[in-house]
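Analysis of the macromolecular model
If you want the building blocks of each chain, they are given just below.
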Amino acid sequence: MNTHENMEKGNSLTFDEFPIPTYEAWRAEAELTLAGAPFEKKLVTQTYEGIGIQPIYRREDIARLPLEGALPGRAPFLRGIRGDNAWQVAQELACGANSGNETIRNDFEHGQTALNLVLDDGAPVKDVNDFDALLKGIDLSKTPLFLQTGPAALPLFALLVAHLHCKGEKTAALRGALALDPLADLVRSGSLPWSLESAFDQMAVATKWSLRNAPDFNTIAVRTHAWHNAGANSAQELAFALATGVEYLRRMEERGLKVDEAAPGLYFGYSIGTDFFMAIAKFRAARILWSRIVAVSGGCKEAQKARIHARTSTWARTSLDPHVNMLRGTTEAFAAIAGGCDSLHVAPFDATLREPDDFSRRIARNTQLILRDECHFDQVIDPSGGSYYVETLTAQLAEKAWTLFREIEALGGMAKAVLAGVPQKQVNATAAKKAEAIAQRRNSIIGVNVYANPLEKPAERQALSSSQAVQIPALSQPGAPLPTGSGKIFDEAVQAALEGATLTELFPVLTGTGGPANAERLPARRASEPFEKLRAAVDAAGKPKVFLANMGPLRQHKARADFTTGFFQAGGFAVEENRGFKTTNEAIQAALNSNAQVVVICSTDETYPELVPPITGLIKASRPKTIVVVAGYPKELIEPFKAAGVDEFIHIRANCLETLSGIARKLGVNI
């Protein structure tokens with residue numbers, strides 16, 4: 001019975017009515033459409049991690065993966081470390097002691113569920129009274145607390161504990177994390193005020209104290225933001241996180257902490273990234289690999305859990321067309337949630353321009369609330385589980401990261417590798433590849449190198465530093481080695497804080513000996529910065545005008561005219577469009593009348609021999625400083641056209657940033 005007869009008889013239509021094509025048959029049809037071009041080159045996309053993304057994935061791709069029996073809350077934690085997909089709304093708050101409490105309470109009244117205080121660049125609290133003011137009305141027995149402190153972690157932790165004592169709250173109820181991550185601080189700034197050994201002593205003091213007094217408060221952090229925001233790919237980010245975690249476990253073991261004591265006190269902070277599926281795979285692979293490492297180290301299943309805080313990518317944020325950052329933040333947040341993060345920060349859309357205000361903080365916070373309360377993603381465990389694509393990508397990424405992790409281990413561990421500059425060199429190489437792809441517009445940044453808004457005015461920038469910051473004091477003389485055994489030194493510091501000791505006074509007591517430690521610094525980068533710099537310079541120069549000499553009917557010039565418009569608008573140039581010209585004389589006269597500093601000839605390769613030389617020659621004769629550009633790259637005509645006076649050729653393979661920067665400099669723009 002055919003399909004038509006089946007439908008007439010009222011029978012339901014099923015897939016049994018259609019033949020099931022094989023992969024081989026599909027591929028044969030796909031290759032026919034390529035007209036001889038290689039399948040691997042045209043239909044397989046290579047990532048920065050060295051993974052080939054296939055155009056189609058099948059059940060056979062995951063047949064050999066160890067997925068059977070992978071359940072939520074069970075090792076190796078592919079499906080998450082809990083039996084649900086709930087996460088903490090942990091928006092970062094960088095606020096001074098005097099004004100910060102109002103901000104904190106407002107944000108908690110409107111959906112925030114974890115307090116994420118950023119105290120990295122100097123502390124907006126100088127003593128226990130400032131902590132009292134900052135945290136007034138906040139019940140830390142019910143509110144998880146993340147303290148991002150930079151090198152001042154241990155003294156600030158002492159002030160926090162003193163604050164709890166003042167309020168009569170039990171430290172045992174404290175949940176959250178203290179960001180003690182000396183290798184991240186070293187890479188981010190290029191130096192630490194003391195030696196790495198002293199930094200590890202501080203980590204051991206905090207961890208041992210927490211084991212006894214606040215067992216649910218993590219004191220060891222592995223944050224990958226410095227690597228990610230410098231341009232690292234996902235395999236590098238994963239590998240360096242694993243190597244750092246192993247380094248910290250070893251250093252804690254040297255100071256008397258077993259794996260089952262140190263590993264549960266560790267949490268990971270990952271940046272998310274704009275590649276949606278790669279980001280999901282990164283979080284899933286992170287849990288698998290960390291479970292493997294702790295298991296091999298002799299850790300129990302509880303110690304194998306990787307607690308993950310996710311943060312949207314600073315690398316991907318733009319100052320141009322900044323409202324597009326809302327879309328980037330939403331996509332990244334969805335990826336992190338689908339990957340099973342435990343807590344999440346979505347950066348406000350204007351964070352690259354100024355201190356976020358109530359509106360931008362609210363939009364960022366509501367991004368999470370919509371995903372939770374309207375999309376109900378907290379009720380779906382491992383949403384991507386079973387996807388042939390995501391499962392395969394997770395396994396491939398894990399393999400790439402594991403290989404790089406072993407290379408770091410062969411160098412003697414992460415600390416030695418960082419001091420030697422090996423991972424920094426690898427990240428810089430990846431960043432250079434990304435920068436080239438962005439400059440050539442092979443990687444698109446909406447609103448920046450593609451679909452730029454020609455009417456956009458440069459956004460007003462404001463300083464992003466806290467005026468109330470208490471700067472970390474310099475160590476004029478090394479202190480005594482920290483006693484890491486009993487934890488008595490930390491209890492004494494807390495008591496001193498209760499008696500009025502300030503951060504400045506606690507600092508030399510709790511920071512040990514030696515130093516400073518120095519390593520190659522990785523600068524924080526944003527992918528859009530080179531184009532933003534060019535746009536700012538071109539705007540300051542009055543937005544030089546570009547005239548399009550569109551030749552012939554619309555179908556003859558439109559494709560290249562549209563390309564040229566987008567190309568030059570990415571650099572901030574003012575493009576004057578038109579409906580085309582029938583003769584060269586009309587085009588030349590219109591170009592001269594426009595007073596444009598740049599003229600771009602747009603037509604077809606077939607018509608260029610009769611158009612380009614006369615247009616170029618007469619324009620150059622009338623205004624020698626005019627830059628003449630040809631849209632396209634007719635290989636056999638390049639040299640003759642250059643001889644005729646053509647200055648530049650723009651095409652799909654051209655380096656947009658380099659080309660526009662060169663044109664701008666010729667026009668006297670100071671870049």
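Data block above holds the structure.
Note that the structure is predicted; figures quoted are calculated from it, not measured.

Cut-offs used in this document
- Residues numbered from 1 in each chain as written.
- Predicted model: local features only at pLDDT ≥ 70, side-chain atom pairs only at ≥ 80, totals over all residues.
- Heavy atoms only, no water.
- Helix = DSSP H or I, 4+ residues; strand = E, 2+ residues; numbered from the N terminus.
- Buried < 20%, exposed > 50% of the residue type's maximum accessible area, 1.4 Å probe, protein only.
- Contact = heavy atoms within 4.5 Å.
- Areas by Shrake-Rupley, 256 points an atom, 1.4 Å probe, with all protein chains shown as cover.
- Lys, Arg positive; Asp, Glu negative; His and termini not counted.
- Charge placed at Lys NZ, Arg CZ, Asp CG, Glu CD.
- Pairing = 2+ DSSP bridges.
- Axes fitted to C-alpha atoms, helices over the stretch in contact; angles between N-to-C directions.
- Salt bridge = Lys/Arg side-chain N within 4 Å of Asp/Glu carboxyl O.
- Expected span 1.5 Å × (residues − 1).
- Core = buried A, V, L, I, M, F, W, Y, C linked by side-chain atoms within 4.5 Å.
- Parallel < 35°, antiparallel > 145°, perpendicular 65-115°, else oblique.
- Polar contact = N/O pair within 3.5 Å; in protein donor to acceptor, adjacent residues only side chain to side chain.
- Phe/Tyr/Trp six-rings, centres within 6.5 Å; stacked < 30°, edge-to-face > 60°.
- Right-handed = clockwise from strand over helix to strand, strands pointing away.

1. Points about the overall build of the chain
For the chain, the count of helices and strands is 25 helices and 19 strands. The buried share of the chain, taken over its 671 residues, is 54%. Residue pairs at least 24 apart in sequence account for 79% of intrachain contacts in the chain once pairs closer than 6 positions are excluded. Of the roughly 29500 Å² that the chain leaves accessible, carbon and sulfur atoms contribute 52%. Charge-centre separation for the chain: the mean point of 71 positive side chains lies 3 Å from the mean point of 75 negative side chains.

2. Some details on the sheet that holds strand β13 (residues 343-345)
Whenever strands of a sheet pair, they do so through backbone hydrogen bonds, lying parallel or antiparallel. The strand order across the open sheet formed by five strands is β3-β13-β12-β11-β10, and the pairing between neighbours is parallel. Where the open sheet ends on each side, the last strands, each with one partner, are β3 (88-89) and β10 (220-223). Both β10 and strand β11 (residues 266-271) contribute to a ladder of four bridges, which runs parallel. In the sheet register, I220 faces β11, and the bridge partner there is L266. The sheet contacts of helix α12 (residues 276-296) involve β11 and β12 (307-311), and relative to β11 the element is tilted by about 155°.

3. Remarks on the pattern of salt bridges
Inspection of the entire model under this criterion finds 36 salt bridges. In this structure, E409 and R250 form a salt bridge, with 2.4 Å as the shortest nitrogen-oxygen distance. Linking E409 in helix α15 (residues 388-410) with R250 in helix α10 (residues 234-254), this pair joins segments that are 159 residues apart in sequence. For R250, a relative accessible area of 37% puts it in the partly exposed group.

4. Details of the sheet that holds strand β19 (residues 648-650)
Reading across the sheet, the five strands line up as β16-β15-β17-β18-β19 and stay open at both edges, with parallel pairing between neighbours. Across the chains shown, the open sheet's two edge strands, defined by having one partner strand only, are β16 (574-576) and β19. Neighbour-to-neighbour, the strand axes of the sheet open up by a mean angle of 25°, direction not taken into account. Note: strand β18 (residues 627-631) against β19, three bridges, orientation parallel. Within β19, the position partnered with A631 by the bridge is I650. In the packing of helix α23 (residues 608-622) onto the sheet, the strands contacted are β17 (598-602) and β18, and the crossing angle to β18 comes to about 165°.

5. Considering unusual backbone geometry
At the junction of A75 and P76, the peptide bond is cis and its omega measures out at 5° in the coordinates. With respect to the secondary-structure elements, P76 resides in the loop between β2 (52-53) and β3. Despite not being glycine, H376 has its phi angle at roughly 60°, a positive value. Of the residues examined, H376 reaches a relative accessible area of 37% and is grouped as partly exposed.

6. Regarding α12
The terminal C-alpha atoms of α12 lie 31 Å apart, and with 21 residues this matches the ideal 30 Å at 1.5 Å per residue to within 8%. Taking burial as the measure, the 21 residues of α12 include 16 buried ones, the bulk of the element. In the stretch just after α12, G298 is the one whose phi turns positive, near 95°.

7. A few points about the nonpolar core
In this structure, L117, F157, W290 and L344 are the most contacted members of the largest nonpolar core, which totals 128 residues. Not counting residues within four places of it along the chain, the set of residues in contact with F157 comprises L174, L178, A206, W209, S210, F217, T219 and F490. Counting residues in each nonpolar core, the second largest holds 57 residues, with F531, I601, L637 and V646 among its members.

8. Notes on the packing of helix α6 (residues 153-167) against helix α8 (residues 196-213)
Where α6 contacts α8, the two axes come as close as 10 Å, and the packing angle between them is 25°. When the axis of α6 is compared with that of α8, the two are roughly parallel. Contacts between α6 and α8 involve L154, F157 and V161 on the former and, on the latter, Q202, V205, A206, W209 and S210.

9. So, the side chain of E456
Positionally, E456 belongs in the loop between α17 (422-439) and α18 (488-498). Classification of E456 by relative accessible area gives buried; the value is 16%. Within the local environment of E456, its side chain forms a polar contact with the side chain of R535, the two groups lying 3.3 Å apart. Once you skip the residues sitting within four places of it in the chain, E456 turns out to touch S319, L320, D321, P322 and R535.

10. Regarding helix α7 (residues 182-189)
Given 3.6 residues per helical turn, the α-helix brings residues three or four places apart onto the same face. Most of α7 is tucked away: six of the eight residues are buried. Of all the positions in α7, only P182, L183, A184, D185, L186 and V187 are classed as buried. Once α7 ends, the next one or two residues include G190, with phi positive near 90°.

11. So, the packing of aromatic side chains
Within this structure, the stated rule accounts for 25 aromatic pairs. Each ring, one from W209 and one from F490, has its centre 5.2 Å from the other, and the planes form 55°; the classification is tilted. Of this pair, W209 sits in helix α8 while F490 is found in helix α18, placing the two residues 281 residues apart along the sequence. For W209, a relative accessible area of 3% puts it in the buried group. Since its relative accessible area comes to 0%, F490 is described here as buried.

12. What about the environment of M414?
Residue placement: M414 occurs in helix α16 (residues 414-420). When residues no more than four places from it in sequence are discounted, the contact partners of M414 are L183, W227, F240, A243, T244, E247, I408 and P423.

13. A short note on the pairing of strand β6 (residues 145-148)
Both faces of β6 are covered, namely the face carrying L145 and L147 and the face carrying F146 and Q148. Here three bridges tie β6 to strand β7 (residues 176-178), and the two strands are oriented parallel to one another. The residue bridging L145 from the neighbouring strand is G176, located in β7. For the crossover that starts at β6, traverses α6 and ends in the parallel β7, the hand is right-handed.

14. A few points about the environment of L667
Structurally, L667 is set in the segment after α25 (656-666). Exposure remark for L667: the relative accessible area of 23% places this residue in the partly exposed category. Setting aside residues up to four positions removed in sequence, L667 forms contacts with P544, F573, Q597, V598 and I627.

What is shown is where atoms sit, not what they do.
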